Amino acid sequence: MVRIAVIGDSVRDSWIEVESIDDLKGCKNIEQVLGYASKIGRIINNSFGGTALTWTQYLVPEHCVTPITIIGNDESSIELENVLKSLDQSLKQKHKPGLDFSGLNKIDGDLAKFVIAFSGKSIVKKGIPEWKSKIFWEGNVSDKYDQLNITSEFLGTHDVLALPIPHPKTALQAVKNFRSINPRGVICYNPGRYLTRRDYTFKDTCFEEIATETTYLVLNRYENGAVRKGLKLGRRESLFNKYPKLEAIILTKDHEGSEIQEKRSGKRYEPSIVNVIEANPAKSLGAGDAYAATWLSKILSGQSIDNALDCATRVAEHILGVDGAVDLRRLLNGDYHSPTVRVTDL
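Residues numbered from 1 in each chain as written. Predicted model: local features only at pLDDT ≥ 70, side-chain atom pairs only at ≥ 80, totals over all residues. Heavy atoms only, no water.

Student: Help me out: how do you make sense of the environment of Phe48 in this one?
Tutor: For Phe48, the position within the fold is in strand E3 (residues 44–49). Given a relative accessible area of 6%, Phe48 falls into the buried group. Put simply, Phe48 and Gly257 are 209 residues apart on the chain and 25 Å apart in space, counted from C-alpha to C-alpha. Discounting chain neighbours no more than four positions away, the residues touching Phe48 are Val11, Arg12, Asp13, Leu53, Ser76, Glu79, Leu80, Val83, Leu111, Ala325 and Val326. (Helix = DSSP H or I, 4+ residues; strand = E, 2+ residues; numbered from the N terminus. Buried < 20%, exposed > 50% of the residue type's maximum accessible area, 1.4 Å probe, protein only. Contact = heavy atoms within 4.5 Å.)

Here is the structure:
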């Protein structure tokens, strides 16, 4: 059994369809956005998100997972904790490894909030529909990342450290502490939005220090561009020479699918089939997390890169058919099946 520590945010996600994004110009915060949407009669959908949960749901039931995250004492935090407890109970009833709750940090305050508002009408570009959207974020208790339990003694009890978009300083400290106890452990790193934020320099992201210890690096096409620009690299393969511990680069490319570059073989792998699925911003939430976490889970279970890649692609396609980043039916029942997406060998 592989023990995996996942460091990430826990969030209450909401999504709203509006006539025009310009209607939200006067909204400065999430409260104003939700208030405006309610006033004009828009339906506000919500669920849970954040990488601590979205990665955990795909790493179980094959592995024992410790979600390391911060929740508050508000109603949303209580609901999220109950979801995790229900998942743990469901796993144990099936005689599967459960969750380790020792990484769940509770403090006074509200759970982080995320809202994406998008226009109801899409614009077709190069045959692919796109939606105008605007994101609102309130970190709340997630901003107190310095209170996470990421000591060497705690992290060192795990075989794998997964870092899906954690705060850079938190990620760097976690990597140092994990490596001090487990020098041969696996580190999967997805720097995410920090690479493309305008208020962060490349140095601020701590990318170089973290990548030095990384086993698997997850990037989307925009993050890939930011890395190559920040490091002044011509070819992505140069990362293998710069970071000797790096074994594979996982690159997601939206509707164009994905590819895996492996250091040992020098090969590039692509999924056998990519189904182009029309998905508005609400449905695309969490698709990248579903892909990366499923790929990692299958690799840790000993599957080939090809098999892991195809499984990850099918699961990402599945989540594109679900509103929000978390499919509670799948999470609690282990049911991947959808009438629109053929999912096999999961």
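Student: Hey, could you run me through the sheet that holds strand E2 (residues 11–18) in this one?
Tutor: Strand-to-strand pairing in sheets goes through backbone hydrogen bonds, with the strands running parallel or antiparallel. Strand order in the open sheet formed by four strands is E3-E2-E6-E9, and the pairing between neighbours is mixed. The open sheet is flanked by E3 and strand E9 (133–138), the only strands paired with a single partner. Each neighbouring strand pair of the sheet contributes to a mean axis angle of 20°, computed without reference to strand direction. Relative to E3, E2 runs antiparallel, the two sharing six bridges. Across the sheet, Ser14 pairs through a bridge with Asn46, a residue of E3. (Pairing = 2+ DSSP bridges. Axes fitted to C-alpha atoms, helices over the stretch in contact; angles between N-to-C directions.)

Student: I keep staring at the side chain of Thr313 and nothing clicks. Help me out?
Tutor: Positionally, Thr313 belongs in helix H11 (residues 305–319). A polar atom in the side chain of Thr313 sits 2.8 Å from the backbone oxygen of Leu309. (Polar contact = N/O pair within 3.5 Å; in protein donor to acceptor, adjacent residues only side chain to side chain.)

Student: Before we go on, may I ask you to explain the packing of aromatic side chains in this structure?
Tutor: In this description, an aromatic ring pair is defined by two values, namely the gap between the centres and the angle between the planes. A complete count under the given rule lists five aromatic pairs for this structure. Relative to Phe207, the ring of Phe202 lies with its centre 5.7 Å away and its plane at 45°, an arrangement referred to as tilted. By relative accessible area, which is 1% here, Phe207 ends up buried. On the basis of an interplanar angle of 90° and a centroid distance of 5.1 Å, the ring pair of Tyr216 and Trp295 is categorised as edge-to-face. One end of the pair, Tyr216, is in strand E12 (residues 216–220); the other, Trp295, is in helix H10 (residues 287–300), with 79 residues separating them in the sequence. (Phe/Tyr/Trp six-rings, centres within 6.5 Å; stacked < 30°, edge-to-face > 60°.)

Student: Sorry if this is basic, but what is going on with the sheet that holds E12 here?
Tutor: Across the sheet, which stays open at both edges, the nine strands sit in the order E5-E4-E1-E10-E11-E12-E13-E14-E15 with mixed pairing between neighbours. Across the chains shown, the open sheet's two edge strands, defined by having one partner strand only, are strand E5 (104–106) and strand E15 (268–269). The pairing of strand E13 (residues 248–252) with strand E14 (residues 258–262) spans five bridges and is classified as antiparallel. Directly across from Ile250, in E14, lies its bridge partner Ile260. Across the face of the sheet, helix H7 (residues 221–231) comes into contact with strand E11 (186–190), E12 and E13 while running at roughly 110° to E12. Contacts from H11 reach E14 and E15 within the one sheet, and its direction differs from that of E14 by about 155°.

Student: Help me understand the nonpolar core in this model?
Tutor: The nonpolar side chains of soluble globular proteins are, as a tendency, buried together. Ile4, Trp55, Leu59, Tyr216, Ile260, Trp295 and Leu296 are the most contacted members of the largest nonpolar core, which totals 49 residues. Here this core takes nine residues from H10, the largest share from any one element. With near-sequence residues (within four places) excluded, Ile4 lies in contact with Leu59, His63, Cys64, Val65, Thr66, His158, Val160, Ala162 and Leu300. Of all hydrophobic cores here, the second largest spans 36 residues; its members include Ile68, Ala211, Leu233 and Ile249. (Core = buried A, V, L, I, M, F, W, Y, C linked by side-chain atoms within 4.5 Å.)

Student: Please clarify how unusual backbone geometry should be interpreted in this entry.
Tutor: Trans peptide bonds make up the majority, and among non-glycine residues the majority have a negative phi. Within the chain, Asn140 stands out as a residue other than glycine whose phi angle is a positive 50°. Structurally, Asn140 can be placed in the loop between E9 and helix H4 (152–155). By relative accessible area, Asn140 is classed as partly exposed at 28%. At Ile165, a position not held by glycine, the phi torsion is positive, near 55°.

Student: What is the right way to look at the side chain of Ser119 in this model?
Tutor: Mapped onto the secondary structure, Ser119 falls in strand E6 (residues 112–119). Every residue in contact with Ser119, bar those within four places of it in the chain, is listed here: Glu17, Val18, Glu19, Ile21, Trp131 and Lys132.

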